[in-house]
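Observations on the model geometry
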Amino acid sequence: MTNLDLILLILMVVAAVWAVMARSLLKAAIGLAIVSIVITIFMFEFSSPLAAVFELSVCSGLITVIFLSTIGLTRPLSHKELLALARDRGRRYGFLPLLVIACGAVLAFLLLKMPLDLEVAKNTIVAGAREVLWNARHLDLFGQIMILLAGVFGAVLLFRENSTDEW
Amino acid sequence: MNGSIAEFFWVFAVFISMLAFAGFYCILVTRNLIRALIGLEILNKAVTLLFIVVGYITGRQALVQALVITTIVIEVVIIVVAGGVIMSVYRNDESLDVRNLRNLKG
């Protein structure tokens, strides 16, 4: 646990709170990408490079693009509507930083007072990530394929043109 | 489990809980559909980071990487389908407010 880790963790939580509280949805999507990048750095640090590459390319790349296109295809609120909502937003989101800090402080206090005794057994079998990913999985690969197909069919169903309505 | 590993894990656990709390709060409080999706993403990221930290502590990085990659695939599918649903809702109602989605109520 270095100081850099601590700074990165604080940056991650601040970016998450910013993503929740930002008035503009574009800024919220950027905050989400920052959280994702910090997690990628942790993955590289904790010797999980394969997952890190996936996280960097998919979570902070593809998902941000999906969010931006969704935001672009829907109409943002006008300035007047935003002003009308500002007081309401302040009332609803204003407590979030305080609550997050309080949550962290309470947890840290509890853990200092009564640390849980975790038994962790070091794994003796050291397998390569590729081996586990491709050889150690059997039925759950079918589950993953099913989920991908569900996504594809869901997208096709949702974006079908009106002319092919009846079937 | 020696002291330094326990300390290492609990520091991460506290920050991961804060991240998850922000996600829960976002989902509970927001009235915008896209922002609810952002809260879901934040929750997902907290789970991913927890996986990675636990894998590093127990030395099972290979298994954890396979799990994380599966999680990321599911995450993308959820985001794509939910984004499509949100855009369909917007086309129908011209609004992203969840309070306008009560047509089926009662």
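None of the values given here were measured: they were computed from a predicted structure.

Moving on: the overall build of chain A. In terms of regular secondary structure, chain A is built from 7 helices and 0 strands. Starting at the N terminus and ending at the C terminus, chain A contains elements arranged as α-α-α-α-α-α-α. Counting over 167 residues, chain A shows a buried share of 20%. Looking at chain A alone, contacts between residues at least 24 apart form 51% of all its contacts between residues at least 6 apart.

A tally of helices and strands in chain B yields 3 helices and 0 strands. Counted from the first residue to the last, chain B has its helices and strands arranged as α-α-α. Its C-alpha atoms give chain B a radius of gyration of 18 Å, more than 25% over the compact-globule value 13 Å for 106 residues. On the principal axes, the C-alpha backbone points of chain B span a range of 55 × 25 × 20 Å. Residues counted as buried form 42% of the 106 residues belonging to chain B.

Turning our eyes to something else, we now look at unusual backbone geometry. With the exception of glycine, most residues fall at negative phi, and the peptide bonds are largely trans. In the Ramachandran plot, A:Ser47 falls in the positive-phi region, its phi being about 50 degrees despite a non-glycine side chain. Given 14 C-beta atoms within 10 Å, A:Ser47 falls into the partly exposed group. Residue B:Glu94 is not a glycine yet carries a positive backbone phi of 60 degrees. When you line up the elements, B:Glu94 lands in the segment after α3 (61-93).

Here we come to the nonpolar core. By size, the foremost hydrophobic cluster in this structure holds 60 residues, and its most contacted members are A:Ala16, B:Leu19, B:Ala22 and B:Ile52. Mapped onto this core, the elements with two or more residues apiece are α1 (3-21), α2 (25-45), α3 (49-73) and α6 (129-134) of chain A together with α1 (3-29), α2 (33-58) and α3 of chain B. When residues in this core are grouped by element, the largest group, 12 residues, is from α1(B). Setting aside anything within four residues of it in sequence, one finds B:Ile52 in contact with A:Phe42, A:Met43, A:Phe46, A:Ser48, A:Ala51, B:Val64 and B:Val68.

This next bit is on the environment of A:Lys80. The residue A:Lys80 is located in helix α4 (residues 79-93) in this model. Separated by 14 residues in sequence, A:Lys80 and A:Ile66 have C-alpha atoms that sit 27 Å apart.

This paragraph deals with the interface of chain A and chain B. Between chain A and chain B, the contact holds 63 residues from the first and 58 residues from the second. Counting only elements with at least two residues in the side of chain A that touches chain B, the list comes to α1, α2, α3, α4, α5 (96-113), α6 and α7 (139-158) of chain A. Ranked by the residues each element gives to the side of chain A that touches chain B, the list is headed by α3(A), at 12 residues.

For the rest of this paragraph, the subject is the confidence of the model for chain A. In the predicted model, chain A carries a mean pLDDT of 83, and the fraction of residues at 70 or more is 87%. Averaged over each element, pLDDT in chain A is lowest for α4(A) (74) and highest for α2(A) (93).

So, on to α4(A). The largest bend in α4(A) amounts to roughly 40 degrees and is located at A:Ala86. Across the 15 residues that make up α4(A), only a small minority, 0, are buried.

About the criteria used
- Residues numbered from 1 in each chain as written.
- Chains lettered and ligands numbered in written order.
- Predicted model: local features only at pLDDT ≥ 70, side-chain atom pairs only at ≥ 80, totals over all residues.
- Helix = DSSP H or I, 4+ residues; strand = E, 2+ residues; numbered from the N terminus.
- Buried ≥ 20, exposed ≤ 12 C-beta atoms within 10 Å, placed from the backbone.
- Contact = placed C-beta atoms within 7 Å.
- Rg over C-alpha atoms; globule rule 2.2 N^0.38 Å.
- Core = buried A, V, L, I, M, F, W, Y, C linked by C-beta atoms within 7 Å.
- pLDDT = per-residue confidence, 0-100.
- Bend = angle between axes of the 7 residues up to and from the residue.

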